[in-house]
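Single-letter residue listing:
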Amino acid sequence: MIYYNSQTKSFLLSGKNYSYGMYINRAGLLQHLYWGKKIGAADAAFLVAAHGLPASPNPDDYNKEIATDGMPSECGSFGRGDFRPATVVVRRKDGAAMSRFRYVSHKIVKGALHLQGMPCARKADETLILTLKDDFSDIELDLNYSVSEDSDVLVRSAVIRNAGKDAAEIAKAFSFCTELPDTRGTYSALRLAGSWARERTPVITPLAEGTLRIESARGYSSHQMNPFLAVLSEGCGEERGECYGFNLLYSGSFAITADVSQNKSIRVQGGINDYLFGWQLQGGDVFATPQAALCYSGEGLGGMSRAYHDFFREYIIDPKRVYMRRPIVINNWEATYFDFDNEKLFSIIDEAAKLGMDTFVLDDGWFGKRDGDASGLGDWFVNERKLKGGLKAVIGHCKEKGLKFGLWFEPEMVSEDSDLYRAHPDWAIGKAGAEPCRSRNQLVLDFTRKEVVDYIFETVSKILRENDISYVKWDKNRDITENYTASLPADRQGEFWHRYALGFYDLAERLTKAFPNVFFEGCAGGGGRFDGGALYYFPQIWTSDDTDGLERTKIQWGTSVCYPVSSMSCHVSACPNHQTGRTTPFATRGAVASLGATGYELDLTKLSEEEKMQVREQIENYKQIDELVLKGDLYRLADPFDGNYFCEMLVGKDKSKAYVVGERFRADPCDHDRVLKLRGLDEGKTYAIRELNVTASGAALMGAGLFCPRLPDCGSWVWHIEEVNKKG
Ligand code: DGJ
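The numbers attached to residues start from 1 for each chain and follow its sequence in the written order. With the structure being a predicted model, the display of local features is reserved for residues of pLDDT at least 70 and the display and counting of side-chain atom pairs for 80 or more, all residues being used for whole-chain, interface and lining totals. Values shown for side chains rest on all heavy atoms present in the structure; no hydrogens or waters enter the calculation.

**With respect to the overall build of the protein chain**
Rule in force here: In DSSP terms, a helix is any run of H or I states spanning at least four residues, a strand is any run of E spanning at least two, and both are numbered starting from the N terminus. Radius of gyration here uses only the C-alpha atoms, and the compact-globule reference equals 2.2 Å multiplied by the residue count raised to the power 0.38. Between buried and exposed lies partly exposed: a residue is buried under 20% and exposed over 50% of the maximum accessible area for its type, with that area taken using a 1.4 Å probe on protein chains only.
Broken down by element type, the protein chain carries 14 helices and 38 strands. In terms of overall size, the protein chain behaves like a compact globule, its C-alpha atoms giving a radius of gyration of 26 Å where 728 residues would be expected to give roughly 27 Å. C-alpha extents for the protein chain along the principal axes are approximately 85 × 70 × 40 Å. By the burial criterion, 61% of the 728 residues in the protein chain qualify as buried.

**Digging into the packing of helix α5 (residues 342–355) against helix α6 (residues 390–400)**
The condition that has to hold: Angular values range over 0 to 180 degrees, each being the angle between N-to-C directions of two axes fitted as lines to C-alpha atoms, with helices fitted over their stretch in contact. When describing relative orientation, an angle under 35 degrees is termed roughly parallel and one over 145 degrees roughly antiparallel, while 65 to 115 degrees is termed roughly perpendicular and anything else oblique. Crossing handedness follows the turn of the near helix against the far one: under a right angle anticlockwise gives a left-handed crossing, and clockwise gives a right-handed one. Contact between two residues is taken to exist if any of their heavy atoms lie within 4.5 Å; hydrogens are not considered. Only Asp, Glu, Lys and Arg are considered charged, only Ala, Val, Leu, Ile, Met, Phe, Trp, Tyr, Cys and Pro nonpolar, and every remaining residue, Gly among them, polar.
Look at α5 against α6: their axes get within 10 Å of each other, and the N-to-C directions meet at 20 degrees. The angle between α5 and α6 falls in the class roughly parallel. Where α5 crosses over α6, the handedness of that crossing is right-handed. For the pair α5 and α6, contact is made by N342, L345, F346, I349 and D350 and by A393, V394, H397 and C398, respectively. Partitioned by chemical class, the residues of the contact of α5 with α6 number six nonpolar, two polar and one charged.

**Some remarks on the sheet that holds strand β32 (residues 645–651)**
Short version of the rule: Strands are treated as partners if at least two bridges between them are detected by DSSP.
One open sheet accounts for six strands, arranged β31-β32-β33-β38-β35-β36; its pairing is antiparallel. Each of the sheet's edge strands pairs with one partner strand only, and the pair in question is β31 (633–638) and β36 (694–697). The average undirected angle you get between the axes of adjacent strands in this sheet is 20 degrees. By the bridge criterion, seven bridges tie β32 to strand β33 (residues 657–664) in an arrangement that is antiparallel. Bridge assignment links Y645 to a residue of β33, and that residue is R664.

**As for the site of the ligand**
Spelled out, the test is: Note on definitions. A residue lies near a molecule or strand when any single heavy atom of the residue is within 4 Å of it. Any pair of nitrogen or oxygen atoms within 3.5 Å is treated as a polar contact; in protein, a donor-acceptor pairing is required on top of that, and neighbouring residues in sequence qualify only through side-chain atoms on both sides. Per-residue and other accessible areas were derived by the Shrake-Rupley procedure at a 1.4 Å probe size, with only the shown protein chains allowed to occlude residues.
The environment of the ligand is formed by 13 residues, the closest being D363, D364, K473, D475 and D545. Between the ligand and D364, the relevant distance is 2.7 Å, taken from an oxygen atom to a side-chain nitrogen or oxygen of the residue. In this structure, an oxygen atom belonging to the ligand sits 3.1 Å away from a side-chain N or O atom of W408. Relative to its free-state accessible area of 290 Å², the ligand is covered by the protein chains to the extent of 98%.

**Here we look at the side chain of N332**
Here N332 is to be found in the loop between β21 (329–331) and α4 (333–336). The exposure class assigned to N332 is buried, which follows from its relative accessible area of 0%. Apart from residues lying up to four places away in sequence, N332 is in contact with Y337, F340, L345, F360, V361, L362 and D363.

**Section: the pairing of strand β22 (residues 359–362)**
Counted only if it meets this: When the strands point away from the viewer, a crossover counts as right-handed if the route from the first strand across the helix to the second turns clockwise.
Judged by which residues are buried, β22 turns out to be covered on both faces: T359 and V361 on one side and F360 and L362 on the other are all buried. When β21 meets β22, the two strands line up parallel, connected through three bridges. Across the sheet, the residue bridging to N331 is V361, located in β22. The pairing of β22 with strand β23 (residues 404–409) spans four bridges and is parallel. Its bridge partner lying in β23, T359 is registered against K404. Note that the unit made of β22, α6 and β23 has a crossover that is right-handed.

**Let's talk about the packing of aromatic side chains**
Put simply, the rule is: When two rings of Phe, Tyr or Trp (its six-membered ring) have centres within 6.5 Å they constitute a pair, described as stacked for plane angles under 30 degrees, edge-to-face for angles over 60, and tilted for the intermediate range.
On inspection of all chains with the given rule, the structure shows 38 aromatic pairs. Look at F360 and F405: their rings are 6.3 Å apart centre to centre, the planes differ by 40 degrees, and that puts the pair in the tilted class. In this pair, F360 sits in strand β22 while F405 sits in strand β23, placing the two residues 45 residues apart along the sequence. Owing to a relative accessible area of 0%, F360 belongs among the buried residues under this scheme.

**A short note on helix α9 (residues 496–514)**
An α-helix turns once every 3.6 residues. As a result, residues three or four positions apart point the same way. Here is the rule we go by: What a helix is expected to span follows from its residue count: subtract one and scale by 1.5 Å.
The terminal C-alpha atoms of α9 lie 27 Å apart, and with 19 residues this matches the ideal 27 Å at 1.5 Å per residue to within 8%. Along α9, the residues classified as buried are F496, W497, H498, Y500, A501, G503, F504, Y505, L507, A508, L511 and T512.

**As for the side chain of T87**
Take T87: it is sitting in the loop between α1 (44–51) and β5 (88–91). A polar contact is formed between the side chain of T87 and the backbone nitrogen of G76, at a distance of 2.7 Å. Once residues within four sequence positions are removed from consideration, T87 is found in contact with C75, G76, K172, A173, F174, F176, C177 and Q269.

**Some words on the environment of R422**
Following the sequence through the fold, R422 ends up in helix α7 (residues 419–423). Each C-alpha atom of the pair R422 and K450 lies 19 Å from the other, and the pair is 28 residues apart in sequence. Other than its neighbours up to four places away in sequence, R422 contacts E416 and D417. For R422, the side chain forms a polar contact with the side chain of D419, separated by 2.9 Å.

**What to know about unusual backbone geometry**
For the bond running from C575 to P576, omega is -5 degrees, close enough to zero to count as cis. Here P576 lies in the loop between β29 (568–573) and α12 (586–593). Non-glycine residue R200 carries a positive phi angle of around 55 degrees. The residue R200 is located in the loop between β11 (188–193) and β12 (201–206) in this model. Despite not being glycine, N693 shows a phi value in the positive range, around 55 degrees. Following the sequence through the fold, N693 ends up in the loop between β35 (686–689) and β36.

**Comments concerning the pattern of salt bridges**
So the rule is basically this: Note on definitions: salt bridges are taken to be side-chain nitrogens of Lys or Arg within 4 Å of carboxyl oxygens of Asp or Glu.
Within the structure shown, the criterion is met by 58 salt bridges. Residues E351 and K612 are paired through a salt bridge, measuring 3.5 Å at the closest nitrogen-oxygen approach. Of this pair, E351 sits in helix α5 while K612 sits in helix α13 (residues 609–631); the two residues are 261 residues apart in sequence, bridging distant segments of the chain. You'll find E351 and K612 in the same group, each marked buried. When the shortest N-O distance is used, the salt bridge between K369 and D417 registers 2.6 Å. One end of the pair, K369, is in the loop between β22 and α6; the other, D417, is in the loop between β24 (413–415) and α7, with 48 residues separating them in the sequence.

**What to know about the sheet that holds strand β4 (residues 30–37)**
Spatially, four strands are ordered β1-β2-β3-β4 in an open sheet, and the strand pairing comes out antiparallel. Taken across any chain shown, the strands that pair with only one partner, and hence form the sheet edges, are β1 (2–5) and β4. Averaged over all pairs of adjacent strands, the angle between their axes in this sheet comes to 15 degrees, without regard to strand direction. Both β1 and strand β2 (residues 10–14) contribute to a ladder of four bridges, which runs antiparallel. Looking at β2, one finds that Y4 is bridged to F11. Contacts from α1 reach β2, β3 (18–24) and β4, with the element oriented near 120 degrees to β4.

What follows is the structure, given as structure tokens:
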């Protein structure tokens, strides 16, 4: 709900449990007032009276140098007395870059704003569009705020318009800016940091004077830093306390900053990475920023995560695919790597069919000349020397056995040893005259160029058109370097990063539209592009190349801070694990993988009879709980980064069913008394836990809890919980 009070010129935006307030102060600047627990429209006047700071009697004060330096703003200015990081900066023809935007008008429209060529929230109840104008040019700025009654997420974005005739250059265009008030240094910040095979580790640090900046300058959202920051009030933990989430629905190079000012207020803002960014805006041109999903939780990090999960499922992921029962996949990568032929694949397919799997996904190595990672990328036609009878033979075999077929692509890449590169060396990103940076022996295609995207669209489409393919795994295995395109003039190279992201979105949009019956899974050398932008096209994403039964608990835990479990592809792989060398019980690998879109990635022909029996049981188990994976609420019970246990719990929305998965990392004679208090159940309902033969009320299970089982190293447990005596 969006209220506007014309007397106080204030706005109060409210979602499920939060309100967000701002007003146009006497100088016409858009001042932030409030963000927190839901309040009523009647309090808007109070907010202005109490929080409309600084309460200067003279509107002209805002024109003096310093007056805006402490003003909580919805759009930080540059060069006019606000010395904190700016939000939008425009450089004009004469080189001057001071930028300060004042209110012109606003409108409240029904529904969401569609962003052409970029991922965006698919729906909203209402959107407030606030139009501001630069003090020093004809540049206009729309600040957009979309709210929905059933969501704790406020969607923000900005649109910059050149309403004049003179060309200008956008030097910075963040998507949002907001401010949290002075609480004397009691806030901390949580980011999701990591590396390849260690994605999204939650890292919490105190916020202090100065600027915390998280970013990716790799051309995509990255393994190293997710485009997400949370600001936590003092005392905020998993279950209680206030926190604020900032999630960019963007897959390109980004930055999010949290600046603690001299008066201890915190300005948080973010968007496209502004490092060497520039965007030319001719008269009449319009530039739209990516959207950001802001979330307030009064119920700790757990509450914030559940709000984000609902948001991604209901507002971002393709509604046709989001609640689709996920196929149990058998992927051949770790079973064969590049070394396969028909016989090897057929034997895996045969076994997969016997074990009850749904889809065989043929990974890297099926195309061009691709027997290792040094060649073939870009040549998206089947290698018939390797696969006799081509894809048709493999697909035919899958069909015979009752399996569907999926295929791996890495559409954004090219090998120098490929026909594509030999024909179009200039299509690879690089700078003529300089040796290109290679990574995994490959180069990145210049997706800022439409003809390159068109070509890849055509070649990938041809394969998808001519073969019965129900699943695509879309990989991306390196960072972007050089950051240069010969297709843009010298003064427009600052557009490179964002144009690359737009090229990726263009291809994703066209392919997912052209093949509505294909299920697209995202991947980037594991989970290097696991973000809200990618989820718009890919309902699930390969979470990490690390499938170790212990490490995975951490990666999935961290990923779940923002993203729903249904969006995480989780596979059972062989031991010793190929990444860590560790051996964990088969049951543990299966249990951990069941907290996501589960699948297998190992040579099924090498499994023992006992392991095969376990696979059958795991699949049977998954079919009983996949509804909870797709639609349930996640409660994180035991933090794998802090102690000897991992435990997570999924609870159905109607609270009649729940599923618990736990793991004990080390056998330890002294920690078996650990009590696990369940969460999310209905206190008044009675539940049975199948594995424990226990019946108790939700109140008892959540209040008194249960002991964690005593288990050997990396032992795991699963509990199926179901409501009993529905009618008392
Ligand atoms: C990286 C992915 O994360 C793996 O699953 C696999 O597809 C390889 N690339 C193939 O090159």
